[in-house]
Amino acid sequence: MNKGYTEVIDADLSKYFDTIPHANLLAVVAERISDGAILHLIKMWLKAPIMEVDRDGTKRNVGGGKGNRKGTPQGGVISPLLANLYLHMLDRIWERNKLQQRLGARIVRYADDIVILCRRSKSGRAMAVLRQILERIELTLNETKTKRVNAYEGKFNFLGFEIWMGKSRRTGEYYAHVQPSKRAIKTIKDRVTVLTRRGRTLVPLERVINEVNSALRGWVGYFHIRNCSKTLEHVRGHVEQRLRTHLSKRHKVRDRRAGYARFGNGVLYTKYGLYKVPTTAGWTRAHALR
């Protein structure tokens, strides 16, 4: 983006996991695996019926089976790997045909999450080529959810991050601004809220804090990058308030001010061992070329 690829195609595939053709997928897998027994096992996995159990214990088949020719069951432990292998064909076609150079469009993909970063006025042609390639490998673009974004005017989400071209207040120059998305922030806040809810005051406090710390470390480990400082500060404040409220309920401290005095931020970290969410993050001092 800092090199001028700021017209973004935020691509969404229509029912991707359900539409992967088995024959093509197995051919892709066979390029990497020569063991016939393993290939047979993968084929059996793809043909396995998908069962659901109703509340009354009744089992019913909701998909899959020997006659099935498409799809990898979502939730299957091997499905993300197979899905990623199949879409590697998209990367390979893009690279072999030198489409980044010819179209001025760079593809960035993780499994079925795809963005194509284009130079100015190149996104229309890149979108047309993307449709052709997907049709060739028997996949379909979800036209409703796929969108084109000018990163100077709008934002797009990718792998939990919200990204756009921000303008530095200090220098006035543009840069690629990357921060946790609203959904990612809501996810960790909701998780902490659940772990510290009133009904858990009977759970040993050490267990509650360990679970909160584990959730926070995992989330921070992923999102502690680029322009996340304000978000981390917001999350830290939410965690402190939730644990303070939880401790007040546990110790029957009804007055909010008394709770704050007894369970101040310093006490939460030194006495109770709460993980301290960092509120600063390093970021690259690169600016955009306009």
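Here's a quick rundown of the structure. (Residues numbered from 1 in each chain as written. Predicted model: local features only at pLDDT ≥ 70, side-chain atom pairs only at ≥ 80, totals over all residues. Heavy atoms only, no water.)

### Topic: the nonpolar core
If you look at the biggest cluster of nonpolar residues, it comprises 45 residues, and the most contacted ones within it are Met1, Phe156, Leu216, Trp219 and Leu274. Counting only elements with at least two residues in this core, the list comes to strand 5 (113–118), strand 7 (156–158), strand 8 (161–167), strand 9 (174–180), helix 7 (182–195), helix 8 (205–223), helix 9 (229–250) and helix 11 (265–270). Among the elements that line this core, the one with the most residues is helix 8, at nine residues. Viewed by domain, this core spans two of them, domain 1 (5–162) and domain 2 (181–271), each represented by three or more residues. If sequence neighbours within four positions are ignored, leucine 274 has contacts with Ile209, Val212, Asn213, Leu216, Val239, Leu243, Leu268 and Tyr269. One finds Leu90, Leu99, Leu134 and Leu141 within the second-largest nonpolar core, a separate group that totals 37 residues. (Core = buried A, V, L, I, M, F, W, Y, C linked by side-chain atoms within 4.5 Å. Buried < 20%, exposed > 50% of the residue type's maximum accessible area, 1.4 Å probe, protein only. Helix = DSSP H or I, 4+ residues; strand = E, 2+ residues; numbered from the N terminus. Domains from an automatic or database assignment. Contact = heavy atoms within 4.5 Å.)

### Overview of the pattern of salt bridges
Across all of its chains, the model carries seven salt bridges by this definition. Note that lysine 182 and glutamate 162 form a salt bridge whose closest N and O atoms lie 3.5 Å from each other. With a gap of 20 residues between them, lysine 182 in helix 7 and glutamate 162 in strand 8 connect regions that are remote in the sequence. Exposure remark for lysine 182: the relative accessible area of 58% places this residue in the exposed category. (Salt bridge = Lys/Arg side-chain N within 4 Å of Asp/Glu carboxyl O.)

### Looking at helix 9
With 22 residues, helix 9 ought to run about 32 Å at 1.5 Å a step, and its terminal C-alpha atoms sit 31 Å apart, in line with that. Buried within helix 9 we find Thr231, Leu232, Val235, Arg236, His238, Val239, Glu240, Leu243, Arg244, His246, Leu247 and Ser248. In this structure, the buried side of helix 9 is in contact with strand 9, helix 7, helix 8, helix 10 (256–262) and helix 11. Positive phi appears at lysine 252, one or two residues downstream of helix 9, with a value of about 55°. (Expected span 1.5 Å × (residues − 1).)

### Some words on the pairing of strand 8
Where burial is concerned, most of strand 8 is hidden: six out of the seven residues are buried. Judged from the three bridges that link them, strand 7 and strand 8 form a sheet pairing that is antiparallel. Across the sheet, the residue bridging to phenylalanine 156 is isoleucine 163, located in strand 8. Taking the residues that link successive antiparallel strands as the turn, the strand 7-strand 8 hairpin has two residues, and the phi of leucine 159 there is positive, at about 55°. Pairing of strand 8 with strand 9 involves seven bridges; the strand directions are antiparallel. Residue pairing in the sheet places tryptophan 164 in a bridge with histidine 177 of strand 9. Between strand 8 and strand 9, which pair antiparallel and follow one another directly, the connecting turn spans six residues, one of which, glycine 172, has a positive phi of 80°. (Pairing = 2+ DSSP bridges.)

### Observations concerning unusual backbone geometry
Glycine aside, residues mostly have negative phi angles, and peptide bonds mostly take the trans form. Despite not being glycine, alanine 111 has its phi angle at roughly 55°, a positive value. Relative to the helices and strands, alanine 111 is located in the loop between strand 4 (105–110) and strand 5. Unusually for a residue other than glycine, serine 121 sits at a positive phi of about 65°. Turning to its location among the elements, serine 121 is positioned in the loop between strand 5 and helix 6 (123–136).

### Let's talk about the packing of helix 2 (residues 22–30) against helix 3 (residues 36–47)
Direction vectors running N to C along helix 2 and helix 3 enclose 155°, while the axes themselves pass 11 Å from each other. Taken together, the axes of helix 2 and helix 3 lie roughly antiparallel to each other. At the point where helix 2 passes helix 3, the crossing takes the right-handed sense. Along its contact with helix 2, which presents His22, Leu25, Leu26, Val29 and Ala30, the element helix 3 presents Leu39, Ile42, Lys43, Leu46 and Lys47. Among the residues making up the contact of helix 2 with helix 3, the classes are represented as seven nonpolar, one polar and two charged. (Axes fitted to C-alpha atoms, helices over the stretch in contact; angles between N-to-C directions. Parallel < 35°, antiparallel > 145°, perpendicular 65-115°, else oblique. Left-handed = near helix turned anticlockwise from the far one by under 90°. Nonpolar A, V, L, I, M, F, W, Y, C, P; charged D, E, K, R; others polar.)

Coordinates in, geometry out; function isn't part of it.
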